[in-house]
Amino acid sequence: MTNPFSVLFLTSWYPTHEYPTHGIFIRNLALALSKYCQVIVIYVYSSQEIETIEFEHTQTANLNEYIVAFPKSKIPVLKTIIHFFKYLYYYYRLCKLVKKHYQNISFAQINVIYPVSLFFLMIKRILRIRHYTVFEQWTGYLKEDNLYKGFVQKWITKNIVKNAEKVWCLCEYQKKAMQQHGLEASYEIMGNVVDTECFKPTEKPIRSNDKKTFLHISTLDDRQKNISGILKVFSELEKEGYQFELIVIGGTSENIQKAEKIARHYQLQNVKFKGIVPQNELPTYLNNADALVMFSNYETFCVVVYEAISTGTYVISTNVADLDKVVTEKYGCLIPPNDERQLKGAILKVLQNKIPKSSPTEAYQWIKSHFSSEVIGKKLYNYYSTKILQEK
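Described in the following lines is the structure provided in the data block. (Residues numbered from 1 in each chain as written. Predicted model: local features only at pLDDT ≥ 70, side-chain atom pairs only at ≥ 80, totals over all residues. Heavy atoms only, no water.)

1. A word on the pairing of strand S13 (residues 314-318)
Residues in a regular strand project their side chains so that they alternate between the two faces of the sheet. Within S13, five of the five residues are buried, leaving the element largely enclosed by the surrounding structure. With burial as the criterion, each face of S13 is covered, one bearing Tyr 314, Ile 316 and Thr 318 and the other bearing Val 315 and Ser 317. Across three bridges, strand S12 (residues 291-293) lies against S13 in parallel orientation. Its bridge partner being in S13, Leu 292 is matched across the sheet by Val 315. Tracing the backbone out of S12, into helix H10 (residues 303-310) and back to the parallel element S13 gives a crossover that is right-handed. Relative to strand S14 (residues 332-335), S13 runs parallel, the two being bridged by four bridges. Bridging across to S14, Val 315 finds its partner in Gly 332. (Buried < 20%, exposed > 50% of the residue type's maximum accessible area, 1.4 Å probe, protein only. Helix = DSSP H or I, 4+ residues; strand = E, 2+ residues; numbered from the N terminus. Pairing = 2+ DSSP bridges. Right-handed = clockwise from strand over helix to strand, strands pointing away.)

2. Structural notes on the nonpolar core
Core analysis: the biggest nonpolar cluster contains 106 residues, and Leu 8, Ile 42, Tyr 91, Ile 123 and Val 305 have the highest contact counts within it. In terms of residue count, strand S2 (residues 38-47) provides more of this core than any other element does, seven residues in total. Among all residues touching Ile 42, those that are not within four sequence positions of it are Leu 8, Phe 9, Leu 10, Thr 11, Tyr 66, Tyr 91, Leu 94, Cys 95, Val 98 and Ile 123. Residues Leu 246, Ile 256, Ile 335 and Ala 346 belong to the second largest nonpolar core, which totals 29 residues. (Core = buried A, V, L, I, M, F, W, Y, C linked by side-chain atoms within 4.5 Å. Contact = heavy atoms within 4.5 Å.)

3. Details of the packing of aromatic side chains
This structure, assessed with the given rule, holds 28 aromatic pairs. Seen in terms of ring centroids, Phe 5 and Tyr 381 are 5.5 Å apart; in terms of plane orientation they differ by 10°. Their pairing is stacked. Placement of Phe 5 in the segment before strand S1 (6-11) and of Tyr 381 in helix H13 (residues 373-391) is noted, with a sequence separation of 376 residues between them. Take Phe 5: its relative accessible area is 6%, and that puts it in the buried class. Among the aromatic residues, those joined into a ring-pair cluster are Phe 5, Tyr 36, Phe 107, Phe 135, Trp 168, Tyr 381, Tyr 383 and Tyr 384. (Phe/Tyr/Trp six-rings, centres within 6.5 Å; stacked < 30°, edge-to-face > 60°.)

4. Looking at helix H11 (residues 340-351)
In this model, H11 (12 residues) spans 16 Å end to end at C-alpha, consistent with the 16 Å of a helix rising 1.5 Å per residue. Of the positions making up H11, those classed as buried are Leu 343, Lys 344, Ala 346, Ile 347, Leu 348, Val 350 and Leu 351. In the core, the buried residues of H11 are packed alongside strand S9 (212-217), helix H7 (227-239), strand S10 (244-249), S12, S13 and S14. Among the residues of H11, the N-terminal cap falls to Asp 339, whose side-chain oxygen and the backbone nitrogen of Arg 341 are separated by 3.3 Å. Positive backbone phi, approximately 55°, marks Asn 353, located one or two places after H11. (Expected span 1.5 Å × (residues − 1). Polar contact = N/O pair within 3.5 Å; in protein donor to acceptor, adjacent residues only side chain to side chain.)

5. So, the sheet that holds strand S8 (residues 187-189)
One open sheet accounts for eight strands, arranged S3-S4-S2-S1-S5-S6-S7-S8; its pairing is mixed. Looking at which strands have only one partner, the edges of the open sheet turn out to be strand S3 (54-60) and S8. Going from strand to strand, the sheet's axes swing by 20° on average, the running direction of each strand aside. Two strands pair when backbone bridges link them, and strand S7 (residues 167-169) and S8 are joined in this way by three bridges, in the parallel orientation. Bridging across to S8, Cys 169 finds its partner in Ile 189. On the sheet, helix H3 (residues 120-127) packs against S1, S2, strand S5 (107-111) and strand S6 (131-135) and is oriented at approximately 160° with respect to S1. Here helix H5 (residues 172-180) sits on the sheet in contact with S7 and S8, set at roughly 160° to S8. (Axes fitted to C-alpha atoms, helices over the stretch in contact; angles between N-to-C directions.)

Okay, here's the thing in C-alpha cells:
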C-alpha cells in the first residue's frame, strides 16, 4: 500500500509491559488508522519496575511505535519537577529521531489531552506539524468524576481544544460536559474500536449443571466501576441459595487486593479474581459467560460492553455514556447507576432463565458494521484525506 500521508499519535495513555491494558483502545485506534496510512506513535512514561532507561521501537505494518520508559524518581520533594524535565527531554529526543525517518508528518492526533499536551508546542515545532486533532477519552470532565481541575490543566486543555481542527468524543454526555467547561470546538462523536476479528460469537459450552457464569471486566477502580456494589449484590444472592460463578478480570494489584477484601467482608465465596488477562483470551471468557455485569457510576464508552455484544453475550450494565443507543432488550438490560435493587433483579432474570433469546450473529454484524477496525479506521482516514485535498 502506498502511504499517502503520516499521522503522529500523541497519547497520555498507552499499553506498557507492566500494564498491558492501559490505553489499549488508543493503540487499537492507531492500528485501525494504520490500515490506510502511516501512523507514528511516540510515548514516554515513568515506571517503578525498571532501574535504567528503556527504549523500544516496534513496527506493525504501517504502525511505528517509539516508546521510552524511565525509572520513577526516588526523591519525593522534587519528583514532579524531575519527571517534568525528563518527559520534556525524552519527547525531544523522540521527535529528533522521528524527524530523521519521516520528513513530512501531515497531522498530529492528541489522544487524551492531558498531560501529554504539556509538551505539544515543542513537538509541533520540531516536527513542523501544521494541523492537529483531538480524540478525548477521559471521564474527568463529567460531573460524576469531577477531576477537571487546576490552573495548568485547564489552561493547557482550553488552548489545545480551541485550536484543534476536530475534537472527537466518545459520547454526547462527554461532549456536553466538555462544553459546560467552556471547551468549544468542532466536535464529533466517534466510537472506540472493537476487534471483531477477535470478539466473535462461538457456540456456548454445554455444562453438566445449571450453574450460571457471570463476568466482570474492568480496572476495578471502585469509585468509577462500583465493584463493591457488584460483590454486595452477588453475596446477597449467594446467601439466598443461588448457584453461580462470578469471574472478575482486570485491575492493578492494588485494586485487586481492595476488591478481594470487599468480597471477604461480604463473605462472598463463588468469586474468582483473574487479574489482567491477555486481550486474545477475553473472547473465550465472554463466550463462556451467561452474562457480563457492569455497574459503573460513569463512563465515556465502556468498550467491554461492545465486545460482549460482539460475542453474543448478554449484558447487564448501568445506563451510562450512550449505552442506551446500543444495549437494546435483545442484547441486555440497562439499569440506573448505583441501583443495587435493579442490579439484583437483572441478575435474577439470568439465574431464572428469563432473558430473551437473541441472534449472536445479528449482534456481531451490527457491532462490525459500526465499530470494527476497518470502519473506525476508514472514518479517521477519510477525515484526514479530505483535509489534505482541501489544501491542494
